[in-house]
Amino acid sequence: VACTVITDVHSRLVGLGDPVDWSNALAHQILAQKAAARAGCDFLADLGDHDFQVGPKDQAEVDARLATTQAIYAENPRPVLFALGNHDHGDPKKKTFVSSARFGETFNGLMAKHGHAFKSGANKSWGYLDLPAKRTRVFVLNSSDEGYYGYSTAQLQLVAGNLKPAPGWTAAVCQHFCIQTK
């Protein structure tokens, strides 16, 4: 199984501009897609922290950033698994907010548009994608599903109950944070 991974772009810009400003972190999402296509990757993993928290001054800017990022990925034909990062929920002090459900619907919802069978939890911010030709199940987890850091019980149950669909299959996990124990 081959994939391209991008994470922590922390983009503070909306739109790509013409010509493309390569200091704009969003441009790196385009490069990740091109690399995945050139390398024949099975999927692309975007592991969060687009920064809908620190940079935006208001909800309108959050909405514009979401729309720009969605537009960049909308026509990508290969599966893109999106993990919510800890800087993607917005900032309550600024009254900006991106729910897990909105993030999941916006980004993991793109897979259905291209015919990829993404099995998701209730809000699409976590779930899994099967790659039958590679006998691999790839999970994408929302590591801020239960507070700032943590997994909901439903999310863990989905993983535990679906680790191996058949003998000889492998499971992989993509998420924003490393799994840790205290």
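Scroll up for the structure.
Values in this document were obtained by computation on a predicted structure and should not be read as measured data.

Engineer: So what exactly am I meant to see when it comes to the sheet that holds strand β5 (residues 127-131) here?
Structural biologist: Think of a sheet as strands paired side by side through backbone hydrogen bonds, with each pair either parallel or antiparallel. Strands sit in the order β4-β5-β6-β7 across an open sheet of four strands; the sheet is mixed. Strands with a single pairing partner mark the edges of an open sheet, and in this sheet they are β4 (118-120) and β7 (170-174). In this sheet, adjacent strand axes meet at a mean angle of 20° when their direction is disregarded. The pairing of β5 with strand β6 (residues 136-140) spans five bridges and is antiparallel.

Engineer: Where do I start with unusual backbone geometry in this structure?
Structural biologist: The general pattern is negative phi for most residues beyond glycine and trans for most peptide bonds. The phi angle at Lys124 is positive, at roughly 65°, despite the residue not being glycine. In the Ramachandran plot, Arg135 falls in the positive-phi region, its phi being about 50° despite a non-glycine side chain. Along the chain, the position of Arg135 falls in the loop between β5 and β6.

Engineer: Quick question: what am I supposed to make of the pairing of β5 here?
Structural biologist: Within a regular strand, side chains alternate between the sheet's two faces. A large share of β5 lies buried, amounting to four of its five residues. Pairing of β4 with β5 involves three bridges; the strand directions are antiparallel. Bridge pairing links Phe118 to Leu129 in β5. Counted along the chain from β5 to the antiparallel partner β6, the turn is four residues long, and its residue Arg135 has a positive phi close to 50°.

Engineer: Sorry, what's going on with helix α2 (residues 59-74) here?
Structural biologist: Its 16 residues place the ends of α2 22 Å apart at the C-alpha level, agreeing with the 22 Å of an ideal helix rising 1.5 Å per residue. Buried within α2 we find Glu61, Val62, Arg65, Leu66, Thr68, Thr69, Ile72, Tyr73 and Ala74. At the N-terminal boundary of α2, the capping side chain belongs to Asp58, with an oxygen 3.2 Å from the backbone nitrogen of Ala60.

Engineer: Looking at this model, I keep getting lost on the pattern of salt bridges. Mind explaining?
Structural biologist: Charged atoms that come close allow side chains of opposite charge to pair. Under the criterion given, the structure shown has five salt bridges. Among the salt bridges present, the one from Asp63 reaches Arg102, with a minimum N-O distance of 2.8 Å. Within this pair, whereas Asp63 is found in helix α2, its partner Arg102 is found in helix α3 (residues 100-107), the two being separated by 39 residues in sequence. By relative accessible area, Asp63 is classed as partly exposed at 31%. Of the charged contacts in the structure, one is a salt bridge between Glu105 and Lys124, with a shortest N-O distance of 3.1 Å. Residue Glu105 is located in helix α3, and its partner Lys124 is located in the loop between β4 and β5; the two are separated by 19 residues in the primary sequence.

Reading guide: rules and limits
- Residues numbered from 1 in each chain as written.
- Predicted model: local features only at pLDDT ≥ 70, side-chain atom pairs only at ≥ 80, totals over all residues.
- Heavy atoms only, no water.
- Pairing = 2+ DSSP bridges.
- Helix = DSSP H or I, 4+ residues; strand = E, 2+ residues; numbered from the N terminus.
- Axes fitted to C-alpha atoms, helices over the stretch in contact; angles between N-to-C directions.
- Buried < 20%, exposed > 50% of the residue type's maximum accessible area, 1.4 Å probe, protein only.
- Expected span 1.5 Å × (residues − 1).
- Polar contact = N/O pair within 3.5 Å; in protein donor to acceptor, adjacent residues only side chain to side chain.
- Salt bridge = Lys/Arg side-chain N within 4 Å of Asp/Glu carboxyl O.

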